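Residue strings, one per chain:
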Amino acid sequence: MDGQTITAAPVLILLGPPGAGKGTQARMLEEKFGLVQLSTGDLLRAAVAQGTEAGKQAKAVMDAGGLVSDDIVIAILRDRLAEPDCAQGVILDGFPRTTVQAQALDTLLAENGQRIDAAISLEVDDAAMVTRISGRYTCAACGEGYHDDFKQPSQPGTCDKCGGTQMKRRADDKAETVASRLEAYHAQTAPLIGYFDDKGALTRIDAMGDIGDIAADMGAIVKTATAR
Ligand code: AP5
């Protein structure tokens, strides 16, 4: 944190296709502003790993690059939002992804006397996303991210951060699955850009540049939105 503690309980939404940098930027905002990153992708992967009923239903859809059913995702998000740490404010990374989810979020927030402070759309070039995603992998021990072309560990196969030697790739990061994920984004999620624009909550960001520059732009938006 850099002394910019936010006093209300802000709600920020990150929109963008797979690989746009939602997770990367959400983690940076989490650190800078003391907000909690809520990634429905991470919550679903945890449910799959735990073998819960929701996880079992979600797995095949995720592996194929489609969207998990609204009922499952809304229930998972509702439970997570009710946990005490979310009272400090949240960054929704990958939720909502359909109009039904957006409407459910409005209802959930209204019940808590909250509102959406900002919806940020990360705008990128689809073709670059396939390269970005299909080359990425992480350290199984600490989660540090690497990339076949852009960021390799200094010693191949050994994590620079923790020394771990097991690297893993997401099951849905194959090029053909990424194409399905992009298709799902454009068909079902991109319409939410207009939804949030109509509410006066939307800001668009060019997310093809340097990660640090994008983070600076996003930080400025968050400060303005949460100061209202
Ligand atoms: P989810 O886990 O949310 O995946 P996604 O939206 O496809 O997004 P990613 O995590 O792949 O990308 P990102 O935008 O976070 O980018 P990142 O920062 O990692 O969802 C997975 C699946 O779960 C879905 O397909 C669906 O099945 C299901 N699901 C989840 N939520 C759902 C919902 N609400 N409803 C229904 N189903 C749901 O960056 C990517 C890479 O690029 C990294 O290697 C990073 O280092 C690099 N990078 C980031 N920014 C830059 C930059 N500016 N320049 C260069 N490299 C960069």
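So, here's what we can say about the structure.

Around the ligand sit 30 residues in total, of which Thr24, Gly66, Arg97, Arg136 and Arg181 are the nearest. Arg136 is positioned such that a nitrogen or oxygen atom in its side chain is 2.6 Å from an oxygen atom of the ligand. Computed on the free molecule, the ligand has an accessible area of 1,000 Å², of which 88% lies beneath the protein chains in the complex. Secondary structure elements with two or more residues in the shell around the ligand: helix 1 (22-33), helix 2 (40-50) and helix 9 (211-227). Sorting elements by how many residues they give to the shell around the ligand places helix 2 first, with four residues.

Turning our eyes to something else, we now look at the packing of aromatic side chains. In the structure shown here, the tally under the stated rule is two aromatic pairs. Relative to Phe196, the ring of Tyr195 lies with its centre 5.2 Å away and its plane at 85°, an arrangement referred to as edge-to-face. In this structure, Lys151 is placed above the aromatic ring of Tyr146, and the distance from its NZ or CZ to the ring centre is 5.1 Å.

Attention now moves to a negative patch on the surface. A cluster of like negative charges, contributed by Asp206, Asp210, Asp213 and Asp217, occupies part of the molecular surface. Tracing the backbone shows Asp213 in helix 9.

Pairing is parallel across the open sheet formed by five strands, whose spatial order is 2-3-1-4-8. Two strands in the sheet have a free side with no partner beyond their single neighbour: strand 2 (36-39) and strand 8 (202-206). Across this sheet, the average inter-strand angle for adjacent strands is 20°, counted without regard to direction. Summarising the sheet, strand 1 (residues 11-15) and strand 4 (residues 118-123) pair through four bridges and their orientation is parallel. By the bridge assignment for strand 4, Leu15 is matched with Ser121. Of the strands in this sheet, strand 1, strand 2, strand 3 (90-93) and strand 4 touch helix 1, which is tilted by about 175° from strand 3.

Each value, and the rule that gives it
Residues numbered from 1 in each chain as written. Predicted model: local features only at pLDDT ≥ 70, side-chain atom pairs only at ≥ 80, totals over all residues. Heavy atoms only, no water. Near = heavy atom within 4 Å. Polar contact = N/O pair within 3.5 Å; in protein donor to acceptor, adjacent residues only side chain to side chain. Areas by Shrake-Rupley, 256 points an atom, 1.4 Å probe, with all protein chains shown as cover. Helix = DSSP H or I, 4+ residues; strand = E, 2+ residues; numbered from the N terminus. Phe/Tyr/Trp six-rings, centres within 6.5 Å; stacked < 30°, edge-to-face > 60°. Lys NZ or Arg CZ within 6 Å of the ring centre and 35° of its normal. Patch = residues over 30% accessible without salt bridge, like charges linked within 9 Å, V, L, I, M, F, W, Y side chains within 5 Å. Salt bridge = Lys/Arg side-chain N within 4 Å of Asp/Glu carboxyl O. Lys, Arg positive; Asp, Glu negative; His and termini not counted. Charge placed at Lys NZ, Arg CZ, Asp CG, Glu CD. Pairing = 2+ DSSP bridges. Axes fitted to C-alpha atoms, helices over the stretch in contact; angles between N-to-C directions. Contact = heavy atoms within 4.5 Å.

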